Protein chains: 2
Amino acid sequence: MVPEADAQKLKDAAASMPSITMSAKQVCDLEMIGIGAFSPLEGFVGPDDFTSICTNMRLSNGTPWPIPITLAVDDATKDALAEGKQAALHHPDGTLMAVIDVTSIYAHDKKLEIPNVFGTEDEAHPGVKAVVDEGDWLVGGPVHVITTEADSGDAERFESHRLPPAKTREAFDKLGWSRVAAFQTRNPIHRAHEYLCKCAQEICDGLLVHPLVGETKPGDIPADVRMKCYETIIEHYFVDERTMLSVMPAAMRYAGPREAILHALIRQNYGASHFIVGRDHAGVGDYYGTYDAQLIFDQFTRDEIMVEPLKFEHAAWSNRAQGMVSAKTFPKIQGDQIFLSGTKVREMLARGERPPGEFSRPEVADVLIEWAVNAAAPA
Amino acid sequence: MVPEADAQKLKDAAASMPSITMSAKQVCDLEMIGIGAFSPLEGFVGPDDFTSICTNMRLSNGTPWPIPITLAVDDATKDALAEGKQAALHHPDGTLMAVIDVTSIYAHDKKLEIPNVFGTEDEAHPGVKAVVDEGDWLVGGPVHVITTEADSGDAERFESHRLPPAKTREAFDKLGWSRVAAFQTRNPIHRAHEYLCKCAQEICDGLLVHPLVGETKPGDIPADVRMKCYETIIEHYFVDERTMLSVMPAAMRYAGPREAILHALIRQNYGASHFIVGRDHAGVGDYYGTYDAQLIFDQFTRDEIMVEPLKFEHAAWSNRAQGMVSAKTFPKIQGDQIFLSGTKVREMLARGERPPGEFSRPEVADVLIEWAVNAAAPA
């Protein structure tokens, strides 16, 4: 972020620069860069890093980095830019958010990026589709971020929970947490998630519930509803002094294994020592193997990715064990475990029914019912 | 261990050597050395290591080692020995177990050992008492172990579960377990212990239930009863392919924090990557602070003690959480948790009553009832 003293000078200069209007995903990426959550990146990647990331999951200097953070633009925008000059980065609503030092303008090699990053070229994949729809040119260079918040205001910014990495690290120091487990989520916390969080919490000093609130695909539960679920479950079922709720403004790519690595590196920046990786982390549909996002960590050393991945399997209530269990911790007996599909749960919620207490905490179910009933009602 | 081909030669030679009859604790220590569980020790410590261990928790070469493994002898035995010569080590029943190359004979500095190792000089402490009662001379030197099993036979040797470190490592490789959590125990597994084990199991590939079956103090539950508890709970409540039961033949010192370090180093030798450290690990009475055995790990780097300590708090069933919880994972509500004292549980068992299912699995309770009812009956 640019110091306030320099911001006005930059704003004045920006008025005469060529302008790039960012997509929602690019706005998220810009914020992640600006707050240090994408460290060591200080801007959008240039051609060497782009190629190295796509082919080797590393920056050109060898540092692990799994997904290129790109500023894609269309032909007309590209024609107005020049290497060695600056450009103004605008929010879709017109807000000036940053200035980029354009160090490279290069063709967007989608044929390289898409299969490498997503493991598929199927345009039904929301992450693939997003790249396909982007501009055919990429602009690389460091950014000077003036603001991360658009003029239009955004009801879902969760400012009080929006701590940048420096602030979460400061908070962990203050709390005396040297072992911090981070939990990435873009879903409400049902008992299965609560169980993973608490297993991690038992072996750490504290838990960072760190929901992704950046751009997600249509059909995902809105971030404000999810936040209400997190606040509710923490209030009733977690220990305040051991639990921190903060938001993570990245956009989802649904890139499965590669995105799991990205999510881990981000949490390292936020000061976590451990990172929960469940089955099909950051996946969508059937594009990735259940444990691909866990196995990919074997391609890096502990010194390269300094957060320890905590690899969990699917958990559910077992009547015979009288507790939450996974395939690792309890012999499976046909029909013993309480399992509900996402579709089934949505149907129950839309009818105003709480799922069983073994599946969802009633307080969380009530938050979801309020949303689901309204969402199901004709507009 | 001495290769079988050389054993006979050594036995013949031993006949003309001075003899040391070992205590039960020394027999345990000899076995631990012989099987490689006390690696890098290859024998009983000499004076430099003794002093360095007592004062710095390290061998004289700097390697972490918290408790001196000593061969204490009385005046008469000492007078028959000579530095540079060998001596025969016998089991109390007369069995020749090993030969020691005597490299040092030195005064047993109990005034240095006791307060440093145990943090107290109170003879009511069973570990302190054992050292006080030992001989006033120490014999140092490498040992050549001929056998770890006395002629008298021992109903509680658990041979089928008595894997040396090389064999557990081999088994983990075969099972594909790279992350193995070891659980040290000298108590039956109630639900609280089961919970710690399963939390660890969720984040690892497998669990090594690794009960200490060496010398313990009177009043501890006999090893054979405990083994039956472990087998029973594993049969009914653990996943076979993720759980290994093996015994660890060390003697207890009840040295709390220092013994926690010893137990961790031992498990490193057995091939574990993680080690469960509960509250008051290896403690007795009120000699140690609840978390001293966890905090002591901060005095070593991750490269020095390569197993990761998993530091757990006391766990119990919570009615409101409908699950096992600790102070880390659930807000405490007065009277919500099911807690029973050890004394209370013993009383129930002796009356033939099962503790509540939230405290003990009924199958385990039945094993303990069978033992407790017999133990309570007049002889």
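Thresholds applied
- Residues numbered from 1 in each chain as written.
- Chains lettered and ligands numbered in written order.
- Predicted model: local features only at pLDDT ≥ 70, side-chain atom pairs only at ≥ 80, totals over all residues.
- Heavy atoms only, no water.
- Least-squares fit on C-alpha atoms with pLDDT ≥ 70 in both.
- Phe/Tyr/Trp six-rings, centres within 6.5 Å; stacked < 30°, edge-to-face > 60°.
- Lys NZ or Arg CZ within 6 Å of the ring centre and 35° of its normal.
- Core = buried A, V, L, I, M, F, W, Y, C linked by side-chain atoms within 4.5 Å.
- Buried < 20%, exposed > 50% of the residue type's maximum accessible area, 1.4 Å probe, protein only.
- Contact = heavy atoms within 4.5 Å.
- Axes fitted to C-alpha atoms, helices over the stretch in contact; angles between N-to-C directions.
- Helix = DSSP H or I, 4+ residues; strand = E, 2+ residues; numbered from the N terminus.
- Parallel < 35°, antiparallel > 145°, perpendicular 65-115°, else oblique.
- Left-handed = near helix turned anticlockwise from the far one by under 90°.
- Nonpolar A, V, L, I, M, F, W, Y, C, P; charged D, E, K, R; others polar.
- Pairing = 2+ DSSP bridges.
- Right-handed = clockwise from strand over helix to strand, strands pointing away.
- Salt bridge = Lys/Arg side-chain N within 4 Å of Asp/Glu carboxyl O.
- Buried area = accessible area lost by both parts, 1.4 Å probe.
- Polar contact = N/O pair within 3.5 Å; in protein donor to acceptor, adjacent residues only side chain to side chain.

Participant: Would you mind going over the relation of the copies chain B and chain A with me for this structure?
Facilitator: Copy one and copy two of the chain differ by a rotation about a common axis and a shift along it. Mapping chain B onto chain A is achieved by rotating through 180° and translating by 0.0 Å along the same axis, at an RMSD of 0.0 Å. Both copies are brought into coincidence by an operation consistent with a two-fold rotation axis. Distance from the rotation axis, computed per C-alpha, reaches its smallest value in chain B at Cys199(B): 2.5 Å.

Participant: Sorry, what's going on with the packing of aromatic side chains here?
Facilitator: The geometry of an aromatic ring pair is captured by two quantities: the separation of the ring centres and the angle between the planes. Under the defined criterion, the tally for this structure stands at nine aromatic pairs over all chains. One cation-aromatic arrangement involves Arg320(A) over Tyr237(B); the distance from NZ or CZ to the ring centre is 5.4 Å. It is Lys78(B) that lies over the ring of Trp137(B); its NZ or CZ is 4.1 Å from the centre.

Participant: Can you help me understand the nonpolar core in this one?
Facilitator: Within soluble globular proteins, side chains that are nonpolar generally end up buried alongside one another. Membership of the largest hydrophobic core comes to 92 residues, with the highest contact counts inside it found for Leu207(A), Ile276(A), Leu310(A), Leu207(B), Ile276(B) and Leu310(B). Those residues in contact with Ile276(B) that lie beyond four places of it in its chain are Ala182(B), Phe183(B), Leu196(B), Cys197(B), Ala200(B), Leu207(B), His281(B), Leu310(B) and Phe312(B). The next biggest cluster of nonpolar side chains, apart from the first, holds 74 residues, and it includes Met97(B), Leu212(B), Ile261(B) and Phe297(B).

Participant: Is there a simple way to explain the packing of helix H5 (residues 110–118) of chain B against helix H6 (residues 126–133) of chain B in this structure?
Facilitator: Any two packed helices are characterised by how steeply their axes cross, that is the angle between the axes, and by the distance between the axes. Residue and element names in this part refer to chain B. The interhelical angle for the contact between H5 and H6, taken along N-to-C directions, is 165°, at an axis separation of 10 Å. By the angle class used here, H5 and H6 are roughly antiparallel. Along this stretch, H5 crosses H6, giving a crossing that reads as right-handed. Facing Lys110, Glu113, Ile114 and Phe118 of H5, the residues of H6 in contact are Gly127, Val128, Val131, Val132 and Asp133. Split into classes, the residues belonging to the contact of H5 with H6 amount to five nonpolar, one polar and three charged.

Participant: Can you walk me through the pairing of strand S9 (residues 206–211) of chain B in this structure?
Facilitator: Every other side chain in a regular strand lies on the same face of the sheet, so the side chains alternate between the two faces. Residues and elements named next belong to chain B. Among the six residues of S9, six are classified as buried, and the element is accordingly described as predominantly covered. Neither face of S9 is open: one carries Gly206, Leu208 and His210, the other Leu207, Val209 and Pro211, and all of them are buried. Of the pairings in the sheet, the one linking strand S8 (residues 180–185) to S9 comprises six bridges and is parallel in character. Across the sheet, residue Gln184 finds its bridge partner in S9, namely His210. Viewed along the sheet, the connection from S8 through helix H8 (residues 191–203) into S9 turns out right-handed. In the sheet, S9 pairs with strand S10 (residues 243–245) via three bridges, with the strands oriented parallel.

Participant: Would you mind going over the pattern of salt bridges with me for this structure?
Facilitator: Once the charged atoms of two side chains with opposite charge are near each other, the side chains can pair. Residue and element names in this part refer to chain A. Tallied over the entire structure, the rule returns 44 salt bridges over all chains. The closest approach of N and O atoms between Arg354 and Asp366, which form a salt bridge, is 2.8 Å. With Arg354 in the loop between helix H12 (342–350) and helix H13 (362–376) and Asp366 in helix H13, this residue pair connects regions lying twelve residues apart in the sequence. For Arg354, a relative accessible area of 46% translates into the label partly exposed. For Asp366, a relative accessible area of 33% corresponds to the partly exposed category.

Participant: Help me understand the interface of chain B and chain A, please; the structure alone is not making it clear to me.
Facilitator: Where interface size is quoted, it is often the accessible area lost as the parts come together. Of the residues lining the interface, 35 residues belong to chain B; the matching set on chain A comes to 35 residues. Roughly 2,900 Å² of surface becomes buried between chain B and chain A when both sides are summed, with 47% attributable to carbon and sulfur atoms. Put simply, chain B and chain A have four salt bridges between them. Two residues, Glu308(A) and Arg179(B), come together in a salt bridge whose shortest N-O distance is 3.1 Å. Connecting chain B to chain A are 24 residue pairs in polar contact (both at pLDDT 80 or more). Those elements that provide at least two residues to the side of chain B that touches chain A are H8, helix H9 (223–237), strand S12 (308–311) and strand S14 (323–326) of chain B. Tallied by class, the residues present in the side of chain B that touches chain A amount to 16 nonpolar, six polar and 13 charged.

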